[in-house]
Amino acid sequence: MLIIENLHAILEEESKPILKGVNLRVGPGEVHAIMGPNGSGKSTLSYVISGRDGYEIPEGSITYNNEDILELEPEERAALGFFLAFQYPVEIPGVGNMTFLRTAFNAIKKARGEEEISASDFLKLVRTKAKELNIGPDLLKRPVNYGFSGGEKKRNEILQMAVLEPSLCVLDETDSGLDIDAMKQVSAGVNALRSPDRAIIVITHYQRLLNHIQPDIVHVMVDGGIVHSGGAELALDIENNGYSNILSNLN
Amino acid sequence: MLTANKSGYNFPQRGDEYWKFTKPDQFVEISEMASPVNLENVIDAKSPSQTVATHKLDDIDRIEFVLHPNEFLFDQSDSRIVNSLQAEFNYRHRRKPSWIDEVSGAIENRIQKPIPRPFAKYCIDHSQIGFCMWAKKEITDPVVLNYGKCFAGGAHLIHNIIRVSSGAKLTLVEIGNPWSGVNMVNEVHVEPRGEFNHIRIAVGNSEARSLFHQYAKVDESASLKSFSLFGGAPLTRNEHIIELPEDDANAHVSGVFVGNGNVLQDDTVFIRHIGLNGTSRQVFRKVLNNGATGVFQGKIHVNPGSQKTDGYQKSQALLLDEKSQFLVKPELEIYADDVSCSHGSTCGSIDNNSLYYLRSRGISKDEAISMLSLGFLKEVLDEIESEEIVANLEDLLTDMVNNAI
Ligand SMILES: Nc1ncnc2c1ncn2[C@@H]1O[C@H](COP(=O)(O)OP(=O)(O)O)[C@@H](O)[C@H]1O
Ligand SMILES: [Mg+2]
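No experiment lies behind these values; they were computed from the predicted model shown.

Moving on, we get to the overall build of chain A. Scanning chain A from N- to C-terminus turns up 10 helices and 13 strands. For chain A, whose C-alpha radius of gyration is 18 Å, the value lies close to the compact-globule estimate of 18 Å for 251 residues. A burial count over chain A gives 42% of its 251 residues as buried. Counting only contacts in chain A whose residues sit at least 6 apart along the sequence, the fraction spanning at least 24 positions is 72%.

A few words on the overall build of chain B. Scanning chain B from N- to C-terminus turns up 9 helices and 19 strands. Per-residue burial over chain B gives 55% buried out of 405 residues. Look at the contacts in chain B between residues 6 or more apart in sequence, and 85% of them connect residues 24 or more apart.

Often the size quoted for an interface is simply the accessible area lost on bringing the parts together. Contacts between the two partners involve 17 residues from chain B and, on the opposite side, 21 residues from chain A. For the side of chain B that touches chain A, the secondary structure elements donating two or more residues are helix H7 (352-359) and helix H8 (365-378) of chain B. By residue number, the principal contributor to the side of chain B that touches chain A is H8 of chain B, which donates 6 residues. Split by residue class, the side of chain B that touches chain A holds 6 nonpolar, 6 polar and 5 charged.

Here we take up the site of ligand 1. As a structural note, the neighbourhood of ligand 1 is formed by Leu 11, Glu 14, Ile 18, Gly 36, Asn 38, Gly 39, Ser 40, Gly 41, Lys 42, Ser 43 and Thr 44 of chain A. Residue composition of the shell around ligand 1, by class: 2 nonpolar, 7 polar and 2 charged.

Turning to the nonpolar core, a few remarks are in order. Ranked by size, the top nonpolar core spans 182 residues in total, and within it Phe 83, Val 170 and Val 202 of chain A together with Leu 145, Val 173 and Val 218 of chain B carry the most contacts. Broken down by element, this core gets its largest block of residues, 7 residues, from H8 of chain B. Discounting chain neighbours no more than four positions away, the residues touching Val 202 of chain A are Val 31, Ala 33, Leu 171, Leu 209, Ile 213 and Pro 215 of chain A.

The next point concerns the sheet that holds strand E12 (residues 217-222) of chain A. Strand pairs in the sheet, formed through backbone hydrogen bonds, run parallel or antiparallel to each other. Residues and elements named next belong to chain A. In space, the 6 strands of this open sheet follow the order E7-E10-E11-E3-E12-E13, with mixed pairing throughout. Each end of this open sheet is capped by a strand with a single partner; those strands are strand E7 (82-85) and strand E13 (225-230). Between one strand axis and the next, the sheet turns through 20° on average, direction left out of account. Sheet topology places strand E10 (residues 168-172) next to strand E11 (residues 199-203); 5 bridges connect them, and they run parallel. Each bridged residue has a counterpart across the sheet, and for Val 170 the counterpart in E11 is Ile 201. Most of the contacts of helix H6 (residues 150-164) go to E7, to which it runs at about 165°, and overall it touches E7 and E10.

Here we come to the pairing of strand E16 (residues 293-302) of chain B. Residues and elements named next belong to chain B. By the criterion of burial, E16 is predominantly enclosed, with 10 of the 10 residues buried. Of the strand pairs in this sheet, strand E14 (residues 264-273) and E16 are connected by 10 bridges, and their pairing is parallel. Considered in E16, the bridge of Phe 270 is made with Lys 299. For E16 and strand E18 (residues 325-334), the ladder comprises 10 bridges, and the chain directions are parallel. By the bridge assignment, Val 295 is partnered in E18 with Leu 327.

Time to look at the environment of Gly 154 of chain B. Residues and elements named next belong to chain B. Positionally, Gly 154 belongs in the loop between strand E5 (143-146) and strand E6 (156-164). On the neighbour-count criterion, Gly 154 (22 C-beta atoms within 10 Å) is buried. With 58 residues separating them along the chain, Gly 154 and Phe 212 place their C-alpha atoms 16 Å apart.

Unusually for a residue other than glycine, Asn 6 of chain A sits at a positive phi of about 45°. As for its placement among the helices and strands, Asn 6 of chain A is situated in strand E1 (residues 2-11). Of the residues examined, Asn 6 of chain A has 13 C-beta atoms within 10 Å and is grouped as partly exposed. Backbone geometry places Asn 277 of chain B, a non-glycine residue, at a positive phi of 65°. Under the C-beta neighbour-count criterion, Asn 277 of chain B is labelled partly exposed, with 18 such atoms within 10 Å.

Turning our attention to helix H4 (residues 119-132) of chain A. Compared with an ideal rise of 1.5 Å per residue, which puts 14 residues at 20 Å, H4 of chain A spans 20 Å between its outermost C-alpha atoms and is within 8% of the ideal. The positive-phi residue at the C-terminal boundary of H4 of chain A is Asn 134 of chain A, with phi of around 60°.

The periodicity of an α-helix, 3.6 residues per turn, causes residues three or four places apart in sequence to face the same way. All names here are of chain A. Within helix H9 (residues 233-241), burial applies to Leu 234, Ala 235 and Ile 238. Down the axis of H9, the sector holding all buried residues measures 100°, keeping them to one side. Exposed residues on H9 whose side chains face more than 90 degrees from its buried face are Glu 233, Asn 240 and Asn 241. Here the buried face of H9 lies against strand E3 (31-35), helix H8 (208-212), E12 and E13. At the exit of H9 stands Gly 242, carrying a positive phi of roughly 70°.

All names here are of chain B. Direction vectors running N to C along H7 and H8 enclose 125°, while the axes themselves pass 9 Å from each other. Comparing their axes, H8 and H7 come out oblique. The two elements H7 and H8 cross, and the hand of that crossing is right-handed. Residue-level inspection shows Ser 354, Leu 355, Leu 358 and Arg 359 of H7 in contact with H8, the latter providing Lys 365, Ala 368, Met 371 and Leu 372. Considering only residue class, the contact of H7 with H8 consists of 5 nonpolar, 1 polar and 2 charged.

It is worth spelling out the environment of Gly 278 of chain B at this point. All names here are of chain B. Among the structural elements, Gly 278 can be located in the loop between E14 and strand E15 (279-289). Between the C-alpha atom of Gly 278 and that of Thr 309, which follows or precedes it by 31 residues, the distance is 4.8 Å. What Gly 278 contacts, discounting residues up to four positions off in sequence, is Leu 244, Ala 249, His 273, Ser 306 and Thr 309.

Residue and element names in this part refer to chain B. Position of Phe 270 among the secondary structure elements: in strand E14. The exposure class of Phe 270 is buried, given the 24 C-beta atoms found within 10 Å. Separated by 30 residues in sequence, Phe 270 and Ile 300 place their C-alpha atoms 6.3 Å apart. Phe 270 has contacts with His 240, Ile 241, Lys 299 and His 301, leaving out every residue within four places of it along the chain.

With that settled, consider the confidence of the model for chain B. All names here are of chain B. Scored by pLDDT, chain B comes out at a mean of 86, with 84% of its residues at no less than 70. This stretch, residues 1-6, has a pLDDT under 50; its non-local contacts, to residues over four places away or in other chains, come to 6 contacts. Below a pLDDT of 50 lies the segment residues 37-54, which in the model reaches 38 contacts outside its immediate sequence neighbourhood of four places, other chains included. The complex model carries a pTM of 0.91, and its ipTM stands at 0.96.

Reading guide: rules and limits
Residues numbered from 1 in each chain as written. Chains lettered and ligands numbered in written order. Predicted model: local features only at pLDDT ≥ 70, side-chain atom pairs only at ≥ 80, totals over all residues. Helix = DSSP H or I, 4+ residues; strand = E, 2+ residues; numbered from the N terminus. Rg over C-alpha atoms; globule rule 2.2 N^0.38 Å. Buried ≥ 20, exposed ≤ 12 C-beta atoms within 10 Å, placed from the backbone. Contact = placed C-beta atoms within 7 Å. Nonpolar A, V, L, I, M, F, W, Y, C, P; charged D, E, K, R; others polar. Near = placed C-beta within 6 Å. Core = buried A, V, L, I, M, F, W, Y, C linked by C-beta atoms within 7 Å. Pairing = 2+ DSSP bridges. Axes fitted to C-alpha atoms, helices over the stretch in contact; angles between N-to-C directions. Expected span 1.5 Å × (residues − 1). Arc of directions from axis to C-beta. Parallel < 35°, antiparallel > 145°, perpendicular 65-115°, else oblique. Left-handed = near helix turned anticlockwise from the far one by under 90°. pLDDT = per-residue confidence, 0-100.

Quick look at the structure:
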């Protein structure tokens, strides 16, 4: 489904190489976790996958269902089914959350050649999903993420994901800033999306999220590359011993 | 024909203190073009395409006056008008209600010093038409002044007089899209504890070069809120001159402009605090595209002894291309020591993070830019008192932004 080969990325404004040859293959129905120390390039990878500008890609490729997507705009990738739950969701004053959701939903439906749904059906859909995520109606009325607490922002990301029903979900540190109850709700939201034709990549620092969203494969990213991969037990090992074992094995 | 200085009005010259960014010449032309002869012509003048604005307020309960060149039309049996609102068509040589003498020219005259405004004086001296409105009690429904046909055809001088009695309340919505241009003056007197909410909508494509002045005197514990929405005309200057001579008075002026192409819109605001405890707010935002120019000149003037004045001023522009520009002159002139006044001006382009966020959700770049521009402008609608009107303006603003981007 998603194949990343030898991906290099340079942050243009600093001429700084960040990704230094990432290899990753994610198949349909799979859940992958990417762990790794701060600054190893996890968020950068998620940005490059979703099409943020500001990166030069001197080498490597990303294909999705055999299509090269590196030249595609972020909105084109979204239409293909990409979704990134941001580590730092952006506050957008003046744009209502509901309006934003509806515009995104319709834009994606349109790009896929699918029929839009009526305003009232859409409202019902959003209300149902919001309720499951414990997002009150007032958060739907307010401007996108504006003045939301950390946890509210993260839940709002998952709400968008649930409504847009992407086929490739990338979650960047969605667990940070969540208390245990919120983490359960968010995980339930993610698990509800697990399906044989959908792939999920969970970027996290902590093993605890992986108790709720069980990964098929765990990767460790260090200094711009994936240095080690294993099963779910790898996350536990990291939780107990940190990255030092993996790092010393590398050396 | 009158010319700039022969007429004795001493019209401003290019580069004069408050005319650094906007050229006054075209307003001289418009003022002089507006003559009684044109008035007659207007009746047959081809009406420009109706402004979007006129349709948008249709679903609001309101008292509507439609201004024609020599009369104005309204439902004479409307009890709201009979009981609490005196409204007259001010047609020179025809009838002139006596109550307006107290206000007419007096407020403008009072505020000519220290900066004379010859265009306003010219309008008051020569205008043939206008509207006199006296709110004697609280009028719950908004009063809509629809300039309709009057704005079609030639240029006009319009002088409106508005009086809000002690404790009365009036919401006035002026709708009209001048076709050629207008030199228009509102003189407003808000008496103690009175409340005047004002909305001006001049939207839609036209060739108009328009100059609006609103002179207001806001008495003790009275309040004035004025919001304006502009877009589609090549040249607009919107000038507010507000005086708060007594204590606890409140003045808010705000505005939104959507500019596309070779257009200029200028908001010039002068608020003078004289009494104690006054509050004032100036909030203006503009979205400028394809070389459009926005101007903001604002002053908070606090007299010696006007202690506890709270003055706020913020002007912001979103520039969508490199040719567009925002020219500002924010000023504080404070002679009292116990006041809190602030002013700020910002000018920026679309935030890349926000743009990326929206696009990553499938929203196209153009649509995302429209959404962000609209979001930026919509925040100013919070300055408007009536939620019903805000809801209507949101739709109108959405159309304006989508047309301009
Ligand atoms: N805008 C930026 N300017 C400079 N350096 C950056 C910027 N964004 C990321 N980096 C650097 O890129 C590296 C990878 O960052 P990031 O992808 O955020 O890592 P992670 O998500 O794994 O913590 C870090 O060294 C970080 O400092
Ligand atoms: Mg990160």
